[in-house]
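Secondary and tertiary structure notes
Take a look at the letters that make up each chain.
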Amino acid sequence: MAPSLKGEAEYVIELLKNIIEMIPDAVMVADREGKCIMVNQAYKNLSGLSEEDVVGKPADVDIAENDSVLIKSIREGREFSNLFRRVGPERREVLCSAKPIYIRGELVGSVGVMHDISEIKRMSRELELKTKMLRNLESKYTLDDILGNSEKIMKAKEEAKACAGVSATVLLVGESGTGKELFAHAIHNMSPRASGPFVRVNCAAINKELLESELFGYEGGAFTGSLRYGKKGYFEQADGGTLFLDEISEFSLPAQAKLLRVLQEQEVMRIGSTVPKKVDVRIIAATNRNLEEEVRKGNFRHDLYYRLNVVRITIPPLRERKEDIPLLCKSIIKKYNQKYGRGINSISKKAMEILMSYDWPGNVRELENVISRAMINMDISEKEIKPEHLPELADHQGAMRQLADGEIVISLNGKTWEQVKREFESKVLSYFLNRKKSKTEIAKDLGITRRALYKKLKLLESSEITE
Ligand SMILES: Nc1ncnc2c1ncn2[C@@H]1O[C@H](COP(=O)(O)OP(=O)(O)OP(=O)(O)O)[C@@H](O)[C@H]1O
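All figures in this text were calculated on a predicted structure; none of them were measured in a lab.

What counts and what doesn't
- Residues numbered from 1 in each chain as written.
- Predicted model: local features only at pLDDT ≥ 70, side-chain atom pairs only at ≥ 80, totals over all residues.
- Heavy atoms only, no water.
- Pairing = 2+ DSSP bridges.
- Helix = DSSP H or I, 4+ residues; strand = E, 2+ residues; numbered from the N terminus.
- Axes fitted to C-alpha atoms, helices over the stretch in contact; angles between N-to-C directions.
- Contact = heavy atoms within 4.5 Å.
- Salt bridge = Lys/Arg side-chain N within 4 Å of Asp/Glu carboxyl O.
- Buried < 20%, exposed > 50% of the residue type's maximum accessible area, 1.4 Å probe, protein only.
- Near = heavy atom within 4 Å.
- Polar contact = N/O pair within 3.5 Å; in protein donor to acceptor, adjacent residues only side chain to side chain.
- Areas by Shrake-Rupley, 256 points an atom, 1.4 Å probe, with all protein chains shown as cover.
- Nonpolar A, V, L, I, M, F, W, Y, C, P; charged D, E, K, R; others polar.
- Domains from an automatic or database assignment.
- Parallel < 35°, antiparallel > 145°, perpendicular 65-115°, else oblique.
- Left-handed = near helix turned anticlockwise from the far one by under 90°.
- Phe/Tyr/Trp six-rings, centres within 6.5 Å; stacked < 30°, edge-to-face > 60°.
- Lys NZ or Arg CZ within 6 Å of the ring centre and 35° of its normal.

Moving on, we come to the sheet that holds strand 4 (residues 80-87). Across the sheet, six strands lie side by side as 2-1-6-5-4-3; this open sheet has antiparallel pairing. The open sheet has two free edges, formed respectively by strand 2 (36-39) and strand 3 (63-65), since each of these has just one partner strand. Neighbour to neighbour, the strand axes of the sheet diverge by 40 degrees on average, direction disregarded. Here strand 3 runs beside strand 4; their pairing, made up of two bridges, is antiparallel. Bridged to Ile63 within strand 4 is Val87. The sheet contacts of helix 4 (residues 69-76) involve strand 1 (26-31), strand 4, strand 5 (92-103) and strand 6 (106-116), and relative to strand 4 the element is tilted by about 140 degrees.

Laid out in structure tokens, this is it:
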């Protein structure tokens, strides 16, 4: 007997179900109202949802973020490919494609396919982290990279050489851009720890709330959002080598207390652990602030200050060693000739006079920036830097003054737009976080959503590594 019309429809649906079951990708079919009418096993595995959770419900029932691609394709009557979405209770990251279904020219629904990309994303995040870590762990500079023959820089270099052999803590003091980081690398490279790791932590850029877990690490599942197998802190990463704490004055008082304990005990305790771990780490700290003043104001612990200040090396500002400017210029020109494929070979007398009469508040970093900008301003045939190529040198004299509460200062010298933006955001957020305001209050004060605030904190946290 020939099947009835109803029987035929059931037969076709059963056939269709069997076909989509065989597809390894997650599939969902929706009717013209945008209601889900069918899903396959791969969909259930991927989304973590059952047939009852979705069939007969609007097709966006599974979407944790954004809109449904199936509904979108019905609404707009066209195909969409590889749109990023998060689905199901676990917010799995997927790429969705959907196509409207037309029968005899009439739109009757849509079919969507999802590819799980959570694993790829996880792997690429891990790779990014490892690359970042590798960049962090390599020490690049030696004493020969610190240019200058002036008495002051030679003295600082001598002091660096003298302290390299011992494991004493070193405090590098100097204005921004004077070369403190270069010195830290050079000391590490001259020390018996040279083959060990060199880990730099930019204490100003790191999110204060995460500082502790970043420094000391944590055990698996120590807090919401932590990695399943735990994480090594910077101290453990630097074991057998050097930990460079840049901009140490940015440490909050509670973090200072913890740091002091680690320095005294030479052991760290991961968050969530009760077992201390011995670490053999040499600390080099740097600051461009007057730490004695910070101690006096109660912003920096005096006991930590004494522990850090075992060997103190003062890096002179460029204005106190102007005789080094020609040598530095020569090396900068060589570097940018290679970078830009240029053949510039000199600086005119007049241009050099301008460079020598300027005070360089941004120090060597600013000098490098000025020379590289001059080189960009030159015609390809020009070989000599002249006054007209030099960017205008601002007058910073008299700009130093005590800051009032809520004021921040950003030095623009020698920094890229991105660096300035990051420093600005970091200082604003540090200001609020140091006042122990809740995230909700901070977001309210700044007139941004909590989500936007978290995003900024996360971005800053990931940019704490040297560029
Ligand atoms: N004596 C020097 N010889 C050659 N290059 C130098 C010297 N001093 C600084 N530089 C260069 O100037 C730039 C800034 O140096 P560095 O980052 O070490 O300064 P810093 O004191 O750590 O600055 P900040 O306090 O802002 O972190 C770098 O590009 C560095 O290579």
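What follows deals with the pattern of salt bridges. This model, assessed by the stated rule, comprises 30 salt bridges. A salt bridge links Glu159 to Lys155; its shortest N-O distance comes to 3.1 Å. Linking Glu159 with Lys155, this pair stays in helix 6 (residues 151-164), spanning four residues, or about one helical turn. The partly exposed category is assigned to Glu159, whose relative accessible area is 25%.

Near the ligand you find 18 residues, and of these Leu147, Ser176, Gly177, Lys180 and Arg365 are the closest. Between the ligand and Arg365 there is a distance of 3.0 Å, counted from an oxygen atom to a side-chain nitrogen or oxygen. At 3.4 Å, a side-chain N or O of Glu368 approaches an oxygen atom of the ligand. When isolated, the ligand has an accessible area of 630 Å², and the protein chains bury 85% of it. The class makeup of the residues in the shell around the ligand is five nonpolar, five polar and eight charged. Each of domain 2 (126-316) and domain 3 (320-389) contributes no fewer than three residues to the shell around the ligand.

Close contact between helix 13 (residues 325-340) and helix 15 (residues 363-377) brings their axes to 10 Å; oriented N to C, the two are set at 50 degrees. On the basis of the axis angle, helix 13 is oblique to helix 15. For the pair helix 13 and helix 15, the crossing hand works out as right-handed. Touching Ile325, Leu328, Cys329, Ile332, Ile333, Lys335, Tyr336, Asn337 and Tyr340 of helix 13 are Val364, Leu367, Glu368, Ile371, Ser372, Met375 and Ile376, all from helix 15. Partitioned by chemical class, the residues of the contact of helix 13 with helix 15 number twelve nonpolar, two polar and two charged.

What follows covers the sheet that holds strand 12 (residues 282-287). Read across the sheet, five strands follow the order 8-9-12-7-13 without closing on themselves; strand pairing throughout is parallel. Edge strands, defined here as strands with exactly one partner in the open sheet, are strand 8 (198-202) and strand 13 (311-314). With strand direction ignored, the average angle separating the axes of adjacent strands in the sheet is 20 degrees. Pairing analysis gives five bridges linking strand 8 to strand 9 (residues 242-246), with the strands arranged parallel. Across the sheet, the residue bridging to Phe198 is Thr242, located in strand 9.

Attention shifts here to the packing of aromatic side chains. Scanning the entire structure with this criterion turns up five aromatic pairs. On the basis of an interplanar angle of 85 degrees and a centroid distance of 4.6 Å, the ring pair of Tyr358 and Trp360 is categorised as edge-to-face. A residue is classified by how much of its surface remains accessible, and Tyr358, at 8% relative accessible area, is buried. Exposure remark for Trp360: the relative accessible area of 0% places this residue in the buried category. Over the face of the ring belonging to Phe80 we find Lys72, whose NZ or CZ atom lies 5.2 Å from the ring centre.

The next point concerns the environment of Arg321. Examined against the element boundaries, Arg321 turns out to sit in the loop between strand 13 and helix 13. C-alpha separation for the pair Arg321 and Gly148, spaced 173 residues apart in sequence, amounts to 8.4 Å. A distance of 2.8 Å separates the side chain of Arg321 from the side chain of Asp324, its partner in a polar contact.

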